[in-house]
Every structure is written in C-alpha cells, then in structure tokens.
Amino acid sequence: MLNDRIILPSEFSMYEAVLTTQHLLSRTYNTIKATPFNISANNKRNIRRVFICTTMYQESQIEMDRLLASIRNVSVSKLLKRENVVLESHIFLDNGADGQTIKQFGLQLLGLIEENLITDRDEGVMLYTPYGIQLSWRINNEMPLFVHLKDNTKVNAKKRWSQVMYMKYVLNYRSSNFRKSSEENLSKNSSYGSLLSVESMDLSNEKRKATQNNLTVPDHKSKSLIKENESEITSVETETTTVPYVEIFIGDTSSIENLSVKNELSNSIYTIADSQQIYQEEFAFDCEDYILATDADMTFVDTSIMDVLHMCESDPNVGAVCGRTRPKGVHIHPIVWLQMFDYAKDFWIIKSSQNIIGTVMCCPGCFSMYKLNAVRDVVDEYSGPVENMEDVFTKDNGEDRWMCTLLMLKGWKLRYSSNARNTTFCPEDTYEFMKQRRRWLLSDYANAVLVIRKLRALLSTNDAFSYLYAFYLLQLFLIMLLYPGSTIVMLCLGLELASGAPLIIVTPVIVAIVFAYCLMLLSDVVPTVQLIITKILIIVFGAGTCYIFVASTTIIFEDLAKGFESGHFERAEGFIVMIVLGSYIYGAMLYPTDIWILVTGVVYLFFIPFMNMILPLYAMCNIVDQSWGTRDNQSATVPKFLHLPKIKRKMKKRRKLQQVDSTSLRSLSASSVSLSDYNQTEFEFWEELVSNVVGSSASKGLSNEDRILGLKRLRKKALIFFLIANLLCIIALVGLYAFVLQNISNKILFSIAMAVTLGLSPLIQISGSTVYRIDDTLIRIGRWVNNMT
C-alpha cells in the first residue's frame, strides 16, 4: 500500500496518530504532484520570496498607518534575513488616480509613505501605466515597495480585480523576471543586502522631452504643496550608467507666495530611468515564491510571516495558510466586542478542528499566505467574468471564500496557524456591520452549496476530504440554513422554562414578528427607518435572551445537580446548553492568553438573536443590494475620521500638521513618462492584462440590467425556500415537543432531536480543536528543544 515508501517519524503529527490510515493513504496518493521544500537550517542557499500584496479602498490615515508600520518593521527583520526570506510589497489602491492625476486617497497614502518609510534622498520611480500610476521605492535600500494607483475609468474597481492584478503580475512578470535574472547573474556575495540590486537603463534627452507630461493635484484639501513649475533635472552616478531623475519638491506652507526651495523642502520623490524597479536576487538557484495577502488596515510581525511560511512548507499539498486575526476598534463599542468573541470562537473551535478532520474552508484575505503554484492553478478561473447569478455571490460578494473553494477543487489543502497573530479594524457601526455580514453570509451560502455539489469530486481528488468530513460539512450547512428557525424554538423553549409561557403560544408570536420584519425589508421603507426597527428588535430580543439565559440556566443546573444524585433528569435539554456553552469555554481554555475574551461573550449572548435570526433574514431580503458594505458610502453613521484622508508629511522637527485651504493648492509639475518608454515588456504585460481581463472595456459577463433582474428573481426563490425550510423546522420541533409532552413523561426524545440538530458539530469541533492544540504545542516544544541543542 505504501509503495515501499519510508516515512520518517518526524513526518508525523499528533492528529496523524489519531487518523493514521487516512494519513498514510494521503502520503501515498497525493493529488498534488509537488516536492516538499527543504527548510533545513543547514541549507543556507534556500531563498523564499514573499510578495506582500495589499488591496486598498478609501482607508483612513489610521488604517493605512497600521499597514505601513508593519511593512517597515518586517523590512528590517533580522529573523526574516536569518531565514533567507526576501520580501517585496505591492499596494493596489482603488480609485487612486484619474488619468495623470493622483487623487485624494492616493495623496494620503503617498504622504504616509514619505512619513513612515522613505528617508531623505531615497530614490523612487513614478510612471504612467495602462491601469493608472505606479510608484516604487526601496525601503532601507533593500525591500522593494510598489504602489499601484488604479484609475477606475481604465480598470475594474473592487477587491477581486485588484487581487487578479497582483496575482497575474507576480505570476507572469515579477516572479518570472526574478528567476530569469537570478539565472543570468550569479553573485559571489551571499549577504542578504546583496540580494537586491537595481537594474538601470539610460534614457535620452530626446525621449525624455518627448514624453514630458504634467502630474496634477486635484483641487481639494491637502497638506502637500508642490513647488509649481520648478523641477531640477540632475543625475545619479552608478557603476554602469548615468541615470537621469527628476526631483520633485514637496513643501509644507500656509502661504504660496512665500514658498521657496530653501525653507519649504520636506521630502523628495525621484523619478528614475529605471521603470522596472526590479530588485533581483543575484543567485542562480531555485526558490519558493509565496503571496502574502493582507488587508489595508492590518498589523503583523515577522514571526507571523514565518509561522504561515513554515506551515506552507510542511506539506507539499498545502496551498494556503491563514493566521489568527484579532479584530480591533478605535472606539469601545458593543459591536466591536461582538466581533472580538465571534472571531475568537471561530478560530478556537472551527478553524482549528477543520485542520484536523479535513481542510480549512476559508483563508481570509486579511492575512493569508498562498503558494504561487496553487495560485497558478486557479487564477484564470478566478479572474473570469460573472456569467450567472451564482457567480455574483461567489465572485463578487466573497472573493476570498471562492478562491479557497477553487483551491480545494484543485486538490489543495488549506491550513490555519494559531500562532500567526495579526490584527484588523472591524466595523464600529451597526449598519456597516450588517452590510459586511450580508456579503459574508450570502457568500457562505453560495460556496457551501457549491462544495456540496462537488462533494463526490472532492472526495476523489482531495485527500483532505473524508466521509467524516463530508458528513460534518453537510450538518454544518444544515445548521447554518436553519439557524433562524432553531433559534426561535430555543428562545421559546427557554422562555417557557424561565417564565412558564407556553411554547406553542409564544412561538407563533415570534414567527409573526419575524415575517413582519421580512416584509418591512422588502418594502420601500427608507434605510434609516429599517435601521431603527432593526435596532429595536436587537434590543428586545437581546434583553429577552439575557433574561432567559440567567433564569433557565439556574433551573437547568439545579436539575442537573439533582439528576446526578438521583440518576433521573427532569430537564435533559440542559445537556444541550452545557455542550454549546461548554465548547466556547473549553475553546478559550485551550488558549490561556485568550481567556479574557470570554468576558466579551456576555455581549455576544445579547446579540445571539441578531446574529442567528435577524442577520440571515436581512441578507436574504437584500440579495439585490450589491454595495460593498464598508467604505462605500461616507454616511453620517460612519465616523468621518475613518474615511476622510489627512495628508501627513515628514518635517525636520515633526511640527504639528496644519490644514491647508483648498484655494492654496497648486499643480505638481514633473517630467513624468510612460512605462513603455522604460520597459516595453512590462508595459505590454499590463496592456494585455487590462485589455483582456481587468480593463473596464473587458467583458464583465452579465450587464447591470440583467444582473438586477436576475437578482430580483433569485431573491424571490431563495427567500421563499429559506422561509419555508425554517418554518418546517419550527413546525417539526414544536410538533415533536408537543408530542413528547402529550405521550411521554420526560423530554428525552426531544432533547435527543435537538442534540443531533445542534450538538453533534460542537462535539466534533471540540475533539478536533483539542488534537490540533496538543499537536501544535508538541511541535513548538520540539522546535524549542532543537534550537536549544
């Protein structure tokens, strides 16, 4: 069976001892033909190149600052240098340019880069490209940083298209150029600093003059003032050639009349005749390439990068690895506490257990590492146009989840690293949170249906899928589908237990309220009124849940205490409560540093009806709404400082920033040129990609009219099915409860039905998360012992 393969003891993990047969078979019949990457400390010539790729759209200064601080910290990491990890960062900003004009949020990002990353006299590149404007620098003369300002009149907006751009760019240009250069240029110097070099090109004065253009600043508030019509052409002497560049003076003043080069210079950007800005590693040997996908408001450290990198390298069939994300908010708000507990329980229980019994279903784009070979397998399908209604929810509503579904269908495993810690900002406003979760829920439904349809193929082509895992996924989808109905029954059951209100009478009342809420969402009621009604329901149901929890748990635990003494349990449904609540508490205990998050569980308890009843109904009723949900509308409900950009600049003494009146703005003049004048190969790459894939003129599939009509028809069908399924669930559970009361003295049959419906998945998850935690702890102890010896 093993084809005479020798499997070393070091290849085994704790969970493989539990599922030995499945592990041996997967080692023998791998569906992905790949070679494990040797990460031996003795092999000093193993280079791993990580492309940090970030998508941006109207982030605030605070959010951008967090990402740039992380990039700065990892760029000087001794750990990454010691591990021979070479970094390159790419930031794609939606709507950052308008023709040859840098727009408001592009200026904000540019100012923050100058403030946080670029020292005086650092060289940079500024070029016009088929998609907008490209800016690039080297941080500390080592790590390349590229900023791609997208012009939404030239290329498609939204996150998926930015992801397609950086995936195609890394796959078909950056990575291939690196390998080509490393084969042609073998360096004798093996220091980390020598891994990066600038390949310069000369530009004639005639060509420079022929391509001279103006880069203008839009007429709005900004703190960067550009010295008008004054640019100094000098040259940088290199070992091979003389490279011309344009020095652009960026000043800080409140009076344009007093603007001068001598006292207003704060920083410089250099337009160099090296359009590629390719900092090639000068070694002629193979290396592993990875994409680290991040959001624009992330913080992460070098150890987190190494954790996901090591897990990618641990198994040739692992295509992507996600880290442990912690949500944060600028303000203390119940919605933030809700998300803190919601994220934590998902990572404690769901993702860690999926690691053991199968594969992680989603590696979020906020912080996940992808093998370049895995991306190559799916990027063409991932970049396809929207052709039907299902595509709307897989491709446009939840691009990260769909990317992972494609990877699994190609045979790749997805993994989770609990030690790859990172933080992200989360919505602080109820309406913004609802719109974000609407996208996530609809994407979850669509991808779950797609996975169920492809289960037979997944069982045969992906060794992470077993019959146990398939059963688990089916039950998980059933629970997710029936959340509203089962939650209503549980609330009514708790209310009967706590106050004596009959379940058969209370249930129809709550069902009527829920149906009325759906009709309100489908009507022409303005969003403000809808939000007010939603918040009223949240408060009413939340207060009722807290009352039910306190009263019923007291009764249940008293009955359980008597039951253990007498051997007879009057209220066997108490076991369900113990399983569900106990799984959360137990999950936190597996991570002692996270135990404090249980405090936020009180807030999560209050929001359970909102999460399980109101949000799914809101999502179904708003299928037609395709707005992004975060940062789309700078409404009064969202804090202004989270949206309006504030330009910062680097001053010699870091003086307090002054707001400049919009009437004081002047144009930014520079001798800026097209990418085609420096690097025809890269220009042709972008031109082809824009023309055929990401351009605004490329085929998008469904037209807006067809999309809206199709979504309206789909909403009608999906909502009817969703409501009928949950209504049948309520009728079945209430009918079973009434039958048990009428014919059987105790409620054990009803408790068994509820336990099968709600309790089996938590039991599977508890066992899986336990094995994962033990396995992870033993691996880390082993690494520590090896380092000590």
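Being a predicted model, the structure only gives us computed values, none of them experimental. (Residues numbered from 1 in each chain as written. Predicted model: local features only at pLDDT ≥ 70, side-chain atom pairs only at ≥ 80, totals over all residues. Heavy atoms only, no water.)

(A) Inspection of the packing of aromatic side chains at higher detail. Under the criterion given, the structure shown has 20 aromatic pairs. Their ring planes at 40° and their centres at 6.0 Å tell us that Phe-433 and Phe-610 sit as a pair that is tilted. One end of the pair, Phe-433, is in helix α14 (residues 430-453); the other, Phe-610, is in helix α22 (residues 608-621), with 177 residues separating them in the sequence. Across the pair, exposure class does not vary: Phe-433 and Phe-610 are buried alike. Over the ring of Phe-425 we find Arg-66, and its NZ or CZ is 4.4 Å from the ring centre. Between Arg-160 and the ring centre of Trp-161, over which it is positioned, the NZ or CZ distance is 4.4 Å. (Phe/Tyr/Trp six-rings, centres within 6.5 Å; stacked < 30°, edge-to-face > 60°. Helix = DSSP H or I, 4+ residues; strand = E, 2+ residues; numbered from the N terminus. Buried < 20%, exposed > 50% of the residue type's maximum accessible area, 1.4 Å probe, protein only. Lys NZ or Arg CZ within 6 Å of the ring centre and 35° of its normal.)

(B) Fine view of the environment of Pro-327. Mapping Pro-327 onto the fold places it in strand β14 (residues 318-328). Among residues more than four places away in sequence, those in contact with Pro-327 are Gln-339, Met-340, Tyr-343, Thr-424 and Cys-426. (Contact = heavy atoms within 4.5 Å.)

(C) Structural view of the pattern of salt bridges. Going through the model one piece at a time under the given rule, you end up with 26 salt bridges. Between Lys-81 and Glu-142 there is a salt bridge, with the nearest N and O atoms lying 3.5 Å from each other. Placement of Lys-81 in helix α4 (residues 78-82) and of Glu-142 in the loop between β6 (132-139) and β7 (143-150) is noted, with a sequence separation of 61 residues between them. The exposure class assigned to Lys-81 is partly exposed, which follows from its relative accessible area of 27%. The class of Glu-142 is buried, set by a relative accessible area of 15%. Note that Arg-773 is salt-bridged to Asp-776, the shortest N-O span being 3.8 Å. Of this pair, Arg-773 and Asp-776 both sit in helix α25 (residues 748-788), separated by 3 residues, roughly a single helical turn. Neither Arg-773 nor Asp-776 differs from the other in exposure class; each is buried. (Salt bridge = Lys/Arg side-chain N within 4 Å of Asp/Glu carboxyl O.)

(D) Fine view of the packing of helix α10 (residues 334-357) against helix α16 (residues 467-481). For the pair α10 and α16, interaxial distance at closest approach is 10 Å and the crossing angle is 150°. The orientation of α10 relative to α16 falls into the category roughly antiparallel. Here α10 runs over α16; the crossing is left-handed. Across from Ile-350, Ser-353, Gln-354 and Ile-357 in α10, the residues of α16 making contact are Tyr-469, Tyr-472 and Leu-476. Classifying every residue of the contact of α10 with α16 by side-chain character gives 5 nonpolar, 2 polar and no charged. (Axes fitted to C-alpha atoms, helices over the stretch in contact; angles between N-to-C directions. Parallel < 35°, antiparallel > 145°, perpendicular 65-115°, else oblique. Left-handed = near helix turned anticlockwise from the far one by under 90°. Nonpolar A, V, L, I, M, F, W, Y, C, P; charged D, E, K, R; others polar.)

(E) Spotlight on the nonpolar core. Phe-610, Trp-686 and Val-694 are the most contacted members of the largest nonpolar core, which has 136 residues in total. The residues contacting Phe-610, other than those within four sequence positions of it, are Leu-338, Phe-433, Met-434, Thr-534, Ile-538, Leu-615 and Pro-616. Counting residues in each nonpolar core, the second largest holds 51 residues, with Leu-67, Ile-71, Phe-300 and Leu-309 among its members. (Core = buried A, V, L, I, M, F, W, Y, C linked by side-chain atoms within 4.5 Å.)

(F) Just the UniProt feature "transmembrane region" (unreviewed entry) in the protein chain, in detail. With numbering matched to this structure, UniProt assigns "transmembrane region" (unreviewed entry) to residues 469-493, 500-522, 528-551, 572-589, 595-618, 718-742 and 748-772. What you have in residues 528-551 is 100% helix and 0% strand, and the ends, taken at the C-alpha atoms, are 35 Å apart. The span residues 595-618 shows a helical share of 71% and a strand share of 0%, and its end C-alpha atoms are spaced 32 Å apart. (UniProt positions renumbered as here; feature names shortened; annotations may be inferred.)

(G) Just the pairing of strand β5 (residues 124-129), in detail. Counting buried residues in β5 gives 6 out of 6 residues, a clear majority hidden from the surface. Residues Gly-124, Met-126 and Tyr-128 point to one face of β5 and Val-125, Leu-127 and Thr-129 to the other, with burial holding for every one of them. As paired strands, β5 and β6 are joined by 6 bridges and run antiparallel to one another. Pairing of Thr-129 across the sheet is with Gly-132, part of β6. Connecting β5 to the next strand, β6, in antiparallel fashion are 2 residues. As defined by bridge partners, β5 adjoins strand β17 (residues 673-674) across 2 bridges and the pair is classed as parallel. Each bridged residue has a counterpart across the sheet, and for Leu-127 the counterpart in β17 is Val-673. (Pairing = 2+ DSSP bridges.)

(H) Here's a closer look at helix α13 (residues 399-409). With 10 of 11 residues buried, α13 lies mostly within the body of the structure. Along α13, the positions that sit buried rather than exposed are Glu-399, Asp-400, Arg-401, Trp-402, Met-403, Cys-404, Thr-405, Leu-406, Leu-407 and Met-408. Following α13 by one or two positions, Gly-411 has its phi on the positive side, about 100°.

(I) Focus on the environment of Ile-62. With respect to the helices, strands and loops of the structure, Ile-62 is situated in helix α3 (residues 61-75). Put simply, Ile-62 and Leu-112 are 50 residues apart on the chain and 10.0 Å apart in space, counted from C-alpha to C-alpha.

(J) Geometry of the confidence of the model for the protein chain. Looking at the protein chain, pLDDT values average 75 and 69% of them are 70 or higher. At the low end of the mean pLDDT range in the protein chain sits strand β8 (residues 225-226), at 29; at the high end sits strand β15 (residues 367-371), at 96. Scored below 50 in pLDDT, residues 1-17 shows 29 contacts in the model against residues more than four places distant or in partner chains. Below pLDDT 50 for its whole length, residues 181-286 participates in 295 contacts with residues either more than four positions away or in separate chains. (pLDDT = per-residue confidence, 0-100.)

(K) Structural view of the environment of Asp-151. Relative to the helices and strands, Asp-151 resides in the loop between β7 and α6 (159-184). For Asp-151, a relative accessible area of 3% puts it in the buried group.

(L) Quick peek at helix α9 (residues 302-314). Under the 1.5 Å per step criterion, the end-to-end length of α9 is 18 Å for 13 residues, consistent within 8% with the ideal 18 Å. All buried positions along α9 are accounted for by Ser-304, Ile-305, Met-306, Asp-307, Val-308, Leu-309, His-310, Met-311, Cys-312 and Glu-313. (Expected span 1.5 Å × (residues − 1).)

(M) Fine view of the side chain of Arg-324. Here Arg-324 shows up in strand β14. Not counting chain neighbours up to four residues away, the residues in contact with Arg-324 comprise Ala-344, Phe-347, Trp-348, Tyr-416, Ser-417, Ser-418, Ala-420, Arg-421, Asn-422, Asp-594 and Ile-597.

(N) How the structure looks around a nonpolar patch on the surface. Among the surface-exposed residues, Phe-515, Ile-720, Ile-724, Leu-727, Leu-728 and Ile-731 lie close enough to one another that they form a single nonpolar patch of about 520 Å² accessible area. The element that contributes the greatest number of residues to the nonpolar patch is helix α24 (residues 704-743), accounting for 5 residues. If you trace the backbone, Ile-731 turns up in helix α24. Its relative accessible area of 51% is what places Ile-731 among the exposed residues. (Patch = residues over 30% accessible without salt bridge, like charges linked within 9 Å, V, L, I, M, F, W, Y side chains within 5 Å. Areas by Shrake-Rupley, 256 points an atom, 1.4 Å probe, with all protein chains shown as cover.)

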